Amino acid sequence: GGAALLRLADSRFPDIKVAAQEGLGRLSVAIGDTRTATSFAVMARSDSRSRWEDYHSRWAGLTICKALHRERRYEELFTTLMEEQENARQAGDHPLLASLLLVRAEACAERGQREEASRHLFEAARLGISGSPELQGHFQMSAGRILGRDHAGLGAVLTQRALRRWRSQRNVLADRKS
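Parameters and conventions
Residues numbered from 1 in each chain as written. Predicted model: local features only at pLDDT ≥ 70, side-chain atom pairs only at ≥ 80, totals over all residues. Heavy atoms only, no water. Patch = residues over 30% accessible without salt bridge, like charges linked within 9 Å, V, L, I, M, F, W, Y side chains within 5 Å. Areas by Shrake-Rupley, 256 points an atom, 1.4 Å probe, with all protein chains shown as cover. Salt bridge = Lys/Arg side-chain N within 4 Å of Asp/Glu carboxyl O. Helix = DSSP H or I, 4+ residues; strand = E, 2+ residues; numbered from the N terminus. Buried < 20%, exposed > 50% of the residue type's maximum accessible area, 1.4 Å probe, protein only. Phe/Tyr/Trp six-rings, centres within 6.5 Å; stacked < 30°, edge-to-face > 60°. Core = buried A, V, L, I, M, F, W, Y, C linked by side-chain atoms within 4.5 Å. Axes fitted to C-alpha atoms, helices over the stretch in contact; angles between N-to-C directions. Parallel < 35°, antiparallel > 145°, perpendicular 65-115°, else oblique. Left-handed = near helix turned anticlockwise from the far one by under 90°. Contact = heavy atoms within 4.5 Å. Nonpolar A, V, L, I, M, F, W, Y, C, P; charged D, E, K, R; others polar. Expected span 1.5 Å × (residues − 1). Arc of directions from axis to C-beta.

A. Geometry of a nonpolar patch on the surface. A surface patch of nonpolar side chains, about 260 Å² in accessible area, is lined by L8, F13 and I16. Positionally, F13 belongs in the loop between α1 (2-8) and α2 (14-30). Classification of F13 by relative accessible area gives partly exposed; the value is 42%.

B. Expanded view of the packing of aromatic side chains. According to the stated counting rule, one finds 1 aromatic pair in the structure shown. A centroid spacing of 6.4 Å and a plane angle of 25° characterise the contact between Y74 and F78, whose relative ring orientation is stacked. Linking Y74 with F78, this pair stays in helix α5 (residues 74-91), spanning 4 residues, or about one helical turn. Neither Y74 nor F78 differs from the other in exposure class; each is buried.

C. Quick peek at the nonpolar core. Membership of the largest hydrophobic core comes to 34 residues, with the highest contact counts inside it found for L77, L81, L100, L121 and I129. For this core, the elements supplying multiple residues, two or more each, are α3 (34-47), α4 (55-70), α5, α6 (94-110), α7 (114-126) and α8 (136-147). Considering each element in turn, this core owes the most residues, 11 residues, to α6.

D. Looking closely at the packing of α8 against helix α9 (residues 152-168). The interhelical angle for the contact between α8 and α9, taken along N-to-C directions, is 160°, at an axis separation of 7 Å. If you check the angle between α8 and α9, you find them roughly antiparallel. Viewed along their axes, α8 and α9 form a crossing whose handedness is left-handed. Two secondary-structure elements touch here, α8 through Q136, G137, H138, Q140, M141, A143, G144, R145 and L147 and α9 through L154, G155, L158, T159, R161, A162, L163, R165 and W166. When its residues are assigned to classes, the contact of α8 with α9 shows 8 nonpolar, 7 polar and 3 charged.

E. Spatial organisation of α7. Between the first and last C-alpha of α7 there are 18 Å, a value that for 13 residues agrees with the 18 Å anticipated at 1.5 Å per step. Looking only at α7, the buried set comprises A117, H120, L121, E123 and A124. Seen along its axis, α7 keeps its buried residues to an arc of 160°; they face one direction. Across from the buried face of α7, at angles greater than 90 degrees, the exposed residues are E115, F122 and R126.

As structure tokens, this is what we get:
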């Protein structure tokens, strides 16, 4: 997978190049290489014809936020999330907005901001993320991490549910990111 994406990242076709760069960014976050993830996400943005009209360019922002979150660079993360969320709203990209809200919710929970974390988690649910087959596992995993801080049993159930979903979808990358 990664070798093919690397070849495609040098494609002479701009749309393929940007999609491959964004995919490499996601892959890099999943394996914990946040520096490489950020580099590919930034490349996807710079090679895109339009930063906010292009799907892969918009979603590269989520990769950047996930890398900042993994590095626990909270101040920069929250600033970046505000910009990314506003742009997702303007683009009408509800799945992206919900995914960004999950990152924000987890970061708030890690900082002891339980009410904020809950508010963002419920906002993501209102946007329909819990019903999206592609994003349902991410919602369950985030909810498990957040709720598991105060309710270990519920957190474990949600986390196991997310893992089962990813395995049934053969989503090894998402399973690895957890």
